[in-house]
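The primary structure of each chain is shown beneath.
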Amino acid sequence: MKQITSIQNPFIKSLVLLQEKAKNRKQTGTFLIEGKREISLATKGGYEIETILFLPEICTENEARKTSKTAELIEINTAVYQKLAYRDTTEGILAIAKTKSLQLNHLELSENPLILIAEAPEKPGNIGALLRTADAANLDAVIIANPKSDLYNPNIVRSSVGCLFTNQIATGTTSEIIAFLKERNINFYCATLQNSTSYHTQDYTLPTALVVGTEATGLTQEWRDAATQNIIIPMQGEIDSMNVSVAAAILIFEAKRQRGF
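Here the structure is a predicted model, which is why all the values come from computation and not from measurement. (Residues numbered from 1 in each chain as written. Predicted model: local features only at pLDDT ≥ 70, side-chain atom pairs only at ≥ 80, totals over all residues. Heavy atoms only, no water.)

> Go over the overall build of the protein with me, naming the residues and quoting the values.
Helices and strands together make up the secondary structure of the protein, namely 10 helices and 12 strands. Relative to the 2.2 N^0.38 estimate, which gives 18 Å for 261 residues, the radius of gyration of the protein is 20 Å and therefore close to what a compact globule would have. Along the first, second and third principal axes, the C-alpha set of the protein runs to 60 × 40 × 30 Å. The proportion of buried residues among the 261 residues of the protein is 48%. Sequence separation of 24 or more characterises 76% of the internal contacts of the protein that already satisfy a separation of 6 or more. Within the structure as shown, the protein displays about 12,800 Å² of accessible surface, and the carbon and sulfur contribution to it stands at 48%. (Helix = DSSP H or I, 4+ residues; strand = E, 2+ residues; numbered from the N terminus. Rg over C-alpha atoms; globule rule 2.2 N^0.38 Å. Buried < 20%, exposed > 50% of the residue type's maximum accessible area, 1.4 Å probe, protein only. Contact = heavy atoms within 4.5 Å. Areas by Shrake-Rupley, 256 points an atom, 1.4 Å probe, with all protein chains shown as cover.)

> Outline the packing of aromatic side chains, listing residues and values.
Scanning all chains against the criterion turns up seven aromatic pairs. The ring of F11 carries the charged tip of K2 above its face, separated from the ring centre by 5.5 Å. The ring of F261 has K256 sitting right over it, with the charged end atom 4.4 Å from the ring centre. (Phe/Tyr/Trp six-rings, centres within 6.5 Å; stacked < 30°, edge-to-face > 60°. Lys NZ or Arg CZ within 6 Å of the ring centre and 35° of its normal.)

> Go over helix α6 (residues 124–137), please, and point to the residues and values.
Its 14 residues give α6 an end-to-end C-alpha distance of 20 Å, which sits within 8% of 20 Å, the value for a rise of 1.5 Å per residue. Three or more residues of α6 are buried, namely N126, I127, G128, L130, L131, T133, A134 and A137. N138 lies just past α6 and shows a positive phi near 55°. (Expected span 1.5 Å × (residues − 1).)

> Which residues make up the pairing of strand β11 (residues 208–212), and what values go with them?
Burial within β11 is extensive, with five of its five residues counted as buried. Along β11, one buried face is formed by T208, L210 and V212 and the opposite face, lined by A209 and V211, is buried too. Alignment of strand β6 (residues 114–119) against β11, held across five bridges, turns out to be parallel. Residue A118 lies in a different strand from β11, and its bridge partner there is V212. (Pairing = 2+ DSSP bridges.)

> Tell me about the pattern of salt bridges, and name the residues and values.
Charged atoms that come close allow side chains of opposite charge to pair. Across all of its chains, the model carries six salt bridges by this definition. Put simply, K148 and E122 hold a salt bridge, and the shortest N to O gap is 4.0 Å. Residue K148 is located in the loop between β7 (141–145) and α7 (154–159), and its partner E122 is located in the loop between β6 and α6; the two are separated by 26 residues in the primary sequence. Looking at K148, the relative accessible area reads 54%, which means it is exposed. (Salt bridge = Lys/Arg side-chain N within 4 Å of Asp/Glu carboxyl O.)

> Outline the nonpolar core, supporting the account with residue identities and numerical values.
Judged by nonpolar contacts, the single largest core of 47 residues is most densely connected at I33 and I52. No other element matches the six residues that helix α10 (residues 244–258) contributes to this core. If we skip the residues at most four places from it in the chain, I33 touches E38, I39, A42, I49, I93, L94, A95, A97 and F165. (Core = buried A, V, L, I, M, F, W, Y, C linked by side-chain atoms within 4.5 Å.)

> Tell me about the environment of I12, residues and numbers included.
Within the secondary structure, I12 sits in helix α1 (residues 10–20). For I12 and I76, which are 64 residues apart along the polypeptide, the C-alpha to C-alpha distance reads 10.0 Å.

> Now, about the pairing of strand β2 (residues 30–34): what can you tell me, with residues and values included?
Every other side chain in a regular strand lies on the same face of the sheet, so the side chains alternate between the two faces. Burial within β2 is extensive, with five of its five residues counted as buried. Burial along β2 is two-sided: T30, L32 and E34 facing one way and F31 and I33 facing the other are all buried. Sheet topology note: the β2/strand β5 (residues 93–98) ladder contains five bridges and is antiparallel. Residue pairing across strands places I33 opposite A95, the latter belonging to β5.

> Describe in detail the side chain of K256, supporting the description with residues and values.
Following the sequence through the fold, K256 ends up in helix α10. Despite its burial, K256 pairs with no opposite charge; the closest candidate is D140, at 7.5 Å N-O. Reaching out from K256, the side chain makes a polar contact with the backbone oxygen of A137 at a distance of 2.9 Å. (Lys, Arg positive; Asp, Glu negative; His and termini not counted. Polar contact = N/O pair within 3.5 Å; in protein donor to acceptor, adjacent residues only side chain to side chain.)

> Before we move on, can you summarise the environment of D225 with the specific residues and values?
Looking at the secondary structure, you find D225 in helix α9 (residues 221–226). Along the backbone, D225 and C190 are 35 residues apart, and their C-alpha atoms lie at a distance of 9.6 Å. Engagement of the side chain of D225 in a polar contact is seen with the side chain of Q221, the distance being 2.7 Å.

Here you go:
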């Protein structure tokens, strides 16, 4: 079995770039996953694991092999692991996985889908929280409009606690996504302050997409003009917005309640 003990090893240097640079992830079509649960969820979610790197003092060879029966195993030392590990808490294992297509036409939707759409979310923590909420509600898909971040960014992988791998995800421009929804007769409800009605007055039992924007600027005019209905979460305090993942959760679970779940 291969062993690597130097942080100057060219392969290790390439993995550091994979962690740090979206360009490298795009060029190679690969990304790093850290942690047993995350690797397990990625495997379950159909991601191809190419290589497992493990620190034997923390994760045994047998434990590493259980995460993937087909991946190449590489034993590394503490210095190499610390160079690559992204989290403070450690499990002694990382994986190199292939990215998936994020094209809209690759989504497999149910006959009565419930979808979350987020326009241009920037903060990895918010994206991770949206993915966790989508997983909790077992949504058909999460679609990111006009993405500002690479979804295989290690901060998103980490903040989603593996839910990056448990959701169907696609990206596209606002125009592409609106066309996608209309072609499939999916109603879409846009959370916005302008020309809106209270969210709980709408019927989400038919094919539905719930659309949220950024806390700073909200949704663009294109979404507001095309919406089946603009909706608002009534607020009684001094501010007029809440965290995007909290707002999404309120809307999603109202839709789930109406659907009897």
